[in-house]
Amino acid sequence: MSWVAAVARLRARREPGVLVTVATVRGHAPRRAGAKLVVGRTETWGSIGGGNIEAVAIDRARELSGAAWPEPELMEFALTDKVTGRHGVQCCGGAVTVLLEPLPVVQAVAVFGVGHVGLELARILARHHLDLHLIDTRPDMLADARLGVLADAVAQIHVHHTPLLPEEVLAELPPGAHVLIMTHDHAEDAALCDAALRTAGLGSIGLIGSSAKWGRFRQRLATEGGHDTATIDRIKTPIGIAGITAKEPATIAVSVAADLLRSFEEDRHQDRHEGRNEDRNGAAPNPVGALPYAPTAGSG
């Protein structure tokens, strides 16, 4: 399997990994610059030369995969019989630099309702590295001709036509998926809000609509749904950047997308802060914020 196919497989599995590349070679080495290895949780694809170089790189790659927000790293190896590495001796006589590039699991976003605003939002979010789920009960909203504007998407698009119960898609979403509810039918919106609050493992839940709409929904979620106040407060409404009040679909979509992307950044900063705290407390190996891993000549 090519390294490109291996990366695609990890992406499809929503499994973190690391792309390992021989960046530079001086003198004799097992592989030339450009050789690649993809490291998953339990599998690897390709090779950067085997032996100590590859084994150490795999060890470090799996450490990086377990970090909250890993950064790319360089590792240097001296290939000499005077150096005993962690996994044996390689005495080709040269030196190798290896680049480790983390392949994190991307964010997942589910847009329930691909009407005027939903399609504009999909066009914006499709330009980002996301798993983007588009759900609608109306087949014409998901027609190939209509979604053709997403043909050059960076995101991976998953289309769900659910003519009866769109809330069933919630159970199919990946853990941590962010949900945006903006269907054409307020009854459908209400059912989705109730189902989302009952679905474990979701990320944020956003609802489009007015304060009057939310007032009715909130009462129903409490009285008919039996949800407590803290649970209901998980739903954010209105969605979008405060202060942007224009009602054109494209403007609303820009506002909603910007607010969502800002929340991603806030989560990233929080995770990095928690990683640094765990490092100080000695609770987490290789947390974000640690110094880059740089093996000495004794590791080559």
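Located above this text is the structure these notes cover.
These notes cover the structure that comes with them. On a predicted model such as this, the values are computed, not experimentally measured, just so you know.

Rules and cut-offs
- Residues numbered from 1 in each chain as written.
- Predicted model: local features only at pLDDT ≥ 70, side-chain atom pairs only at ≥ 80, totals over all residues.
- Heavy atoms only, no water.
- Helix = DSSP H or I, 4+ residues; strand = E, 2+ residues; numbered from the N terminus.
- Buried < 20%, exposed > 50% of the residue type's maximum accessible area, 1.4 Å probe, protein only.
- Contact = heavy atoms within 4.5 Å.
- Areas by Shrake-Rupley, 256 points an atom, 1.4 Å probe, with all protein chains shown as cover.
- Polar contact = N/O pair within 3.5 Å; in protein donor to acceptor, adjacent residues only side chain to side chain.
- Pairing = 2+ DSSP bridges.
- Right-handed = clockwise from strand over helix to strand, strands pointing away.
- Axes fitted to C-alpha atoms, helices over the stretch in contact; angles between N-to-C directions.

Along the protein, the regular secondary structure elements total seven helices and eleven strands. The burial tally for the protein puts 43% of its 300 residues in the buried class. Of all intrachain contacts in the protein linking residues separated by at least 6 positions in sequence, the fraction that spans at least 24 positions is 65%. Accessible surface, the protein: about 15,000 Å² in total, of which carbon and sulfur atoms supply 54%.

A word on the side chain of Glu73. On the secondary structure map, Glu73 appears in strand S4 (residues 73–78). Polar contacts involving the side chain of Glu73 include one to the side chain of Arg60, which spans 2.7 Å.

Right, let's talk about the pairing of strand S7 (residues 130–136) for a bit. Taken across its seven residues, S7 has seven buried, putting it largely inside the fold. The two faces of S7 match: Leu130, Leu132, Leu134 and Asp136 on one face and Asp131, His133 and Ile135 on the other face are all buried. In terms of strand pairing, strand S6 (residues 107–112) meets S7 through six bridges, oriented parallel. Within S7, the residue paired with Ala110 across the bridge is His133. Taken together, S6, helix H3 (residues 116–125) and S7 constitute a β-α-β crossover, and its handedness is right-handed. Two strands pair when backbone bridges link them, and S7 and strand S8 (residues 156–161) are joined in this way by six bridges, in the parallel orientation. Along S8, the bridge assignment pairs Asp131 with Gln156.

With that out of the way, let us pick up the sheet that holds strand S2 (residues 36–39). Strand pairing within a sheet occurs via backbone hydrogen bonds; the two strands may be parallel or antiparallel. Strand order in the open sheet made by the five strands is S3-S2-S1-S5-S4, with antiparallel pairing throughout. The open sheet is flanked by strand S3 (44–46) and S4, the only strands paired with a single partner. Neighbour-to-neighbour, the strand axes of this sheet turn through a mean angle of 20 degrees, independent of strand direction. In the sheet, S2 pairs with S3 via three bridges, with the strands oriented antiparallel. Bridging across to S3, Leu37 finds its partner in Gly46.

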